[in-house]
Amino acid sequence: MRISVFGLGYVGVVTAACLSRDGHSVIGVDNQQVKVDIVNAGKSPVVEDHVGELIERGVASGHLRATIDAAEAIRASDMSLICVGTPSRRNGSLDTDAVLRVCEEIGKAIAAKRAPHTVVVRSTVLPGTMRGLVIPTLREHSGNAPGLAIGNNPEFLREASAVHDYDNPPKIVVGAETPEAGERISSIYRHIEAPSFVTSVEVAELVKYADNAWHAVKVAFGNEIGNIAKAVGVDSHEVMSIFCKDEKLNISARYLMPGFAFGGSCLPKDVRALSYKARDLDLDLPLLNSVIRSNEEQVERAFEDIMAYGRRKISVFGISFKAGTDDLRESPQVALVERLLGKGMDIRIYDRFVNFARLYGANRDYILNKIPHISQILIDDFDAVADHGEVLVIGNAAPEFERLPDRLKEGQRIYDLVRLKNGAAAGEQYEGVNW
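Quick caveat, the model's predicted, so the values are computed rather than measured.

Undergrad: I'd like a rundown of the overall build of the protein chain, residues and numbers included.
TA: Per the secondary structure count, the protein chain includes 17 helices and 13 strands. Judged by the C-alpha coordinates and their principal axes, the protein chain covers about 80 × 60 × 40 Å. Of all 435 residues assigned to the protein chain, the portion counted as buried reaches 45%. Of all intrachain contacts in the protein chain linking residues separated by at least 6 positions in sequence, the fraction that spans at least 24 positions is 67%. Of the accessible surface of the protein chain, which amounts to about 22000 Å², a share of 52% is contributed by carbon and sulfur atoms. Of the charged side chains in the protein chain, 50 are positive and 59 negative; the average position of the first set lies 1 Å away from that of the second.

In structure tokens:
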């Protein structure tokens, strides 16, 4: 394929070098003549293992060259990858000026070319940048060229191991306006063995930020546990080495799907205890100290969403913090129901496990004496609770709740805290806490 790479910084140079090695005809574009000259001399303008050799071979074979002329690059290619920088401004916002300028240049060159062209943003951009900036700018300046396809292809390269990461990525993500454009972009990575996803441009934009935010959280978490370990005379590396051996819960996808707040007898209690211990040791642990507040904010978010419907009759399906248990200790569903009761909502609750516990279980005393106001609105009749509510709140993932979307009546709606498998069947009558 004939590919132009706009921006000969770190990402652009690595991408151009690897593409030329893979047999593509690559032309790099940069507005700094010195970078162009360095590449055309067969050298790398960045320090990175193996990149210099790849550029040298690419230039020698004729597969790689560089120019400052954007129009020339567009004429000589069928696909353009935008790899310009998106640095932080002083207020923390993203500086997309370089993205805007290069989109204007590319659009004008495509208008003059009058041939199909694919433009792919590889720069890191926030959700909404593609729809709000990139796509309209390219369409406007290209004269809405009919052969123009646009996509987003975030990179997952680490400095000092970028070539290895290019060849062994954790995943390949392509966001595009159409499936055809997505497949065309994905084809340049066809020889690479990795999970590959063709999705919307918005999902592709946010995946990159989810990755980097998670990496930052992991570093901060490890450091805060390390700070506690040192203060109490424990080997922090031994602690975290053991922690990392757990690939079922700790280093896994568990607990990472968006949803409602956590609860139960362990997580809230232990996070609070660890934060208290840190204060006792005169340690400031901002990440761990904010976990409970973040959890409480998720309850508040759900409360405000439900109140915004302006409906008084509410049915709650599942009030224990997790399906299959009668444990109501620190259940965020209980906290949500109490907030709604405080606003005078007419509530009915169905949870067969909690109903059983109210009659026979170990938690009978807690249910009858600690939260009697909730005990009084527990109804052991699924259909009666389903018929009562104008808003049906799905509190946990009990399998029996999956049938609720199929039995909605006119005027009813579902607010889902767990993401039902068939929630979409309810159409516009369905909403999730963060979907």
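Undergrad: Account for the UniProt feature "binding site: NAD(+)" (unreviewed entry) in the protein chain, with residues named and values stated.
TA: When the UniProt feature table is mapped onto this chain, "binding site: NAD(+)" (unreviewed entry) is found at D30, K35, T86, T124, E159, K269 and R329. The greatest C-alpha distance among the residues just named is 62.1 Å, and with 300 residues of sequence between them they are spread in space as well. Within the secondary structure, D30 sits in the loop between β2 (25-29) and α2 (33-40). Discounting chain neighbours no more than four positions away, the residues touching D30 are G7, L8, G9, K35, V36, T67 and I68. A polar atom in the side chain of D30 sits 2.8 Å from the backbone nitrogen of L8. Mapped onto the elements of the fold, E159 is located in the loop between β6 (148-152) and α7 (162-167). Owing to a relative accessible area of 63%, E159 belongs among the exposed residues under this scheme.

Undergrad: Help me get a handle on the sheet that holds strand β11 (residues 391-394), residues and values and all.
TA: One open sheet holds the five strands; their spatial order is β10-β9-β11-β12-β13, and the pairing between them is parallel. The open sheet terminates on both sides in strands that have one partner only, identified here as β10 (346-350) and β13 (430-432). For this sheet, the mean inter-axis angle between neighbouring strands, taken without regard to orientation, is 20°. Note that strand β9 (residues 313-317) and β10 share five bridges and pair parallel. Paired with K313 across the bridge in β10 is D346. Each of β9, β11, β12 (413-416) and β13 is contacted by helix α12 (residues 286-308), which is oriented at about 170° to β12, the strand it contacts most. Strands in contact with helix α13 (residues 332-342) are β9, β10 and β11; relative to β10, the strand with the most contacts, it is inclined by about 155°.

Undergrad: Summarise the environment of D284; cite the residues concerned and give the values.
TA: Topologically, D284 is positioned in the loop between α11 (267-280) and α12. Taking relative accessible area as the criterion, D284 reaches 63% and is therefore assigned exposed. Between the alpha carbons of D284 and R2 there is a distance of 54 Å; along the sequence they are 282 residues apart.

Undergrad: Talk me through the packing of helix α6 (residues 129-141) against helix α9 (residues 201-231); I want residue IDs and the actual numbers.
TA: Viewed as axis vectors pointing N to C, α6 and α9 meet at an angle of 115°, and their least axial separation amounts to 9 Å. Comparing their axes, α9 and α6 come out roughly perpendicular. Residues T129, M130 and R131 of α6 pack against V201, E202 and E205 of α9. Classifying every residue of the contact of α6 with α9 by side-chain character gives two nonpolar, one polar and three charged.

Undergrad: Report on the pairing of strand β4 (residues 79-82), specifying residues and quantitative values.
TA: What you see with β4 is no split at all: M79 and L81 on one side and S80 and I82 on the other are buried throughout. In this sheet, β4 lies alongside strand β1 (residues 2-6) in parallel orientation, the contact comprising four bridges. The partner of I3 across the bridge, within β4, is M79. Sheet topology places β4 next to strand β5 (residues 117-121); four bridges connect them, and they run parallel. What sits directly across from M79, in β5, is T118. The parallel pair β4 and β5, bridged by helix α5 (residues 97-113), forms a crossover whose chirality is right-handed.

About the criteria used
Residues numbered from 1 in each chain as written. Predicted model: local features only at pLDDT ≥ 70, side-chain atom pairs only at ≥ 80, totals over all residues. Heavy atoms only, no water. Helix = DSSP H or I, 4+ residues; strand = E, 2+ residues; numbered from the N terminus. Buried < 20%, exposed > 50% of the residue type's maximum accessible area, 1.4 Å probe, protein only. Contact = heavy atoms within 4.5 Å. Areas by Shrake-Rupley, 256 points an atom, 1.4 Å probe, with all protein chains shown as cover. Lys, Arg positive; Asp, Glu negative; His and termini not counted. Charge placed at Lys NZ, Arg CZ, Asp CG, Glu CD. UniProt positions renumbered as here; feature names shortened; annotations may be inferred. Polar contact = N/O pair within 3.5 Å; in protein donor to acceptor, adjacent residues only side chain to side chain. Pairing = 2+ DSSP bridges. Axes fitted to C-alpha atoms, helices over the stretch in contact; angles between N-to-C directions. Parallel < 35°, antiparallel > 145°, perpendicular 65-115°, else oblique. Nonpolar A, V, L, I, M, F, W, Y, C, P; charged D, E, K, R; others polar. Right-handed = clockwise from strand over helix to strand, strands pointing away.

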